[in-house]
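What follows is the residue order along each chain.
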Amino acid sequence: MGSLLEVIALHPADAEAAQEGGADRLELCASMEADGLSPSVSTVSAIRRSTDLPLRVMLRLSDSFVTNGAELNRLTASAQSYLAAGADGFVLGFLTPDNQVDVESAAALASTFASTPWTFHRAIDAVLEQAQAWRALRSLPGLDCVLTAGSALGVTHGLDDLCKLAKEDPAIAGVMMAGGSLRPEHVPWLHQSGVRRFHVGSSVRQDGSWTKAYVNSGFVRSWRNLLDAQDARGHQNDPDLDAGDPRE
């Protein structure tokens, strides 16, 4: 199976360009100044009409990773509305006040859409103990993807940890989706480590702008070609290092 390319979409125009460029899936959200919050139901409906790509919708109401019962009730209602509007999956993630995976809250919300796959988002990059967090994620029902940069500062800072995790545990590699200031030169290292899911946002917009530019289909196509080239190259001992080792 080839590598999956997920693109953040805020508007129908983003979705159309992402599909034209070769994206496999879209993450729908709003308020990128808060690192992505839940979009309106009308936005999800409009994007659903503009593309047949799978849509994963963000379930997040504030810029905090800590939640409570009242917020979970709101998110439960939102999830049902999103499903009715054409969502195929969700993106969510909660931490406890001491920065551990909030298994109870995530499982409670996921149980309300039990037949729908979902992604645990970059809340995992804020935990204190990564090994413990990944063990906790294994218990969550319906979870089939974990978006992570390996560091709250982005993939450049977390690349070594991502590659180490993926190499040491194929089960982690199977659900890991690398994203968060992902750069093209990171891809060969991640691909060689067994990662096959990649997530991009600002890098497929002119000047990286969330407010002044829609997704650029040509930029998406560049990522698609990069991933296809890695897939074609297959498993080799050394990745293509034309751009140099980004860890140096």
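Please refer to the structure higher up on the page.
Bear in mind that the values here come from a model prediction, so they are computed numbers and not experimental data.

Conventions we followed
- Residues numbered from 1 in each chain as written.
- Predicted model: local features only at pLDDT ≥ 70, side-chain atom pairs only at ≥ 80, totals over all residues.
- Heavy atoms only, no water.
- Axes fitted to C-alpha atoms, helices over the stretch in contact; angles between N-to-C directions.
- Helix = DSSP H or I, 4+ residues; strand = E, 2+ residues; numbered from the N terminus.
- Parallel < 35°, antiparallel > 145°, perpendicular 65-115°, else oblique.
- Left-handed = near helix turned anticlockwise from the far one by under 90°.
- Contact = heavy atoms within 4.5 Å.
- Nonpolar A, V, L, I, M, F, W, Y, C, P; charged D, E, K, R; others polar.
- Buried < 20%, exposed > 50% of the residue type's maximum accessible area, 1.4 Å probe, protein only.
- Polar contact = N/O pair within 3.5 Å; in protein donor to acceptor, adjacent residues only side chain to side chain.
- Salt bridge = Lys/Arg side-chain N within 4 Å of Asp/Glu carboxyl O.

> A description of the packing of helix H1 (residues 12–21) against helix H2 (residues 41–50) should follow, citing residues and the corresponding values.
Their axes nearest at 8 Å, the elements H1 and H2 cross at an angle of 30°. Relative to H2, the element H1 is oriented roughly parallel. In this structure, the crossing between H1 and H2 has a hand that is right-handed. From H1, Pro12, Ala15 and Glu16 reach across to H2, where they touch Ala46, Ile47 and Ser50. Classifying every residue of the contact of H1 with H2 by side-chain character gives 4 nonpolar, 1 polar and 1 charged.

> Got a sec to walk through the environment of serine 111? Specific residues and values, please.
Within the fold, serine 111 resides in the loop between helix H4 (103–110) and strand S5 (118–120). Of the residues examined, serine 111 reaches a relative accessible area of 48% and is grouped as partly exposed. Sequence spacing of serine 111 and threonine 76 is 35 residues, and the spatial spacing of their C-alpha atoms is 9.5 Å.

> I'd like a description of the packing of H1 against helix H9 (residues 217–233), backed by residues and values.
For the pair H1 and H9, interaxial distance at closest approach is 7 Å and the crossing angle is 40°. Looking at the two axes, H1 sits oblique to H9. The way H1 lies across H9 gives a crossing that is right-handed. Mapping the contact onto sequence places Ala17, Ala18, Glu20 and Gly21 in H1 and Ser217, Val220, Arg221 and Arg224 in H9.

> Give me the lowdown on the environment of arginine 221, citing residues and values where you can.
Relative to the elements of secondary structure, arginine 221 occurs in helix H9. In the structure, arginine 221 is positioned 203 residues away from alanine 18 in sequence and 8.4 Å away in space, judged by C-alpha atoms. Contact partners of arginine 221, with chain neighbours within four places excluded, come to Glu20, Gly21 and Gly22.

> Account for the side chain of threonine 51, naming residues and giving values.
Tracing the chain through its elements places threonine 51 in the loop between H2 and strand S3 (55–58). At 3.0 Å, the side chain of threonine 51 and the backbone nitrogen of leucine 53 are in polar contact. If sequence neighbours within four positions are ignored, threonine 51 has contacts with Ala15, Gln19 and Leu26.

> Now, about the pattern of salt bridges: what can you tell me, with residues and values included?
Under the definition given, this model contains 10 salt bridges. With a shortest N-O distance of 2.8 Å, arginine 25 and glutamate 6 are connected by a salt bridge. In this pair, arginine 25 sits in strand S2 (residues 25–28) while glutamate 6 sits in strand S1 (residues 4–9), placing the two residues 19 residues apart along the sequence. Note on accessibility: arginine 25 and glutamate 6 belong to one class, buried. Across the pair aspartate 88 and arginine 48 runs a salt bridge, and its minimum N-O distance is 2.9 Å. Here the residue aspartate 88 occupies a position in the loop between helix H3 (69–85) and strand S4 (89–92), and arginine 48 occupies one in helix H2, the gap between them amounting to 40 residues. Linked through salt bridges whose partners overlap, the residues forming this network are Asp24, Arg224 and Asp228.

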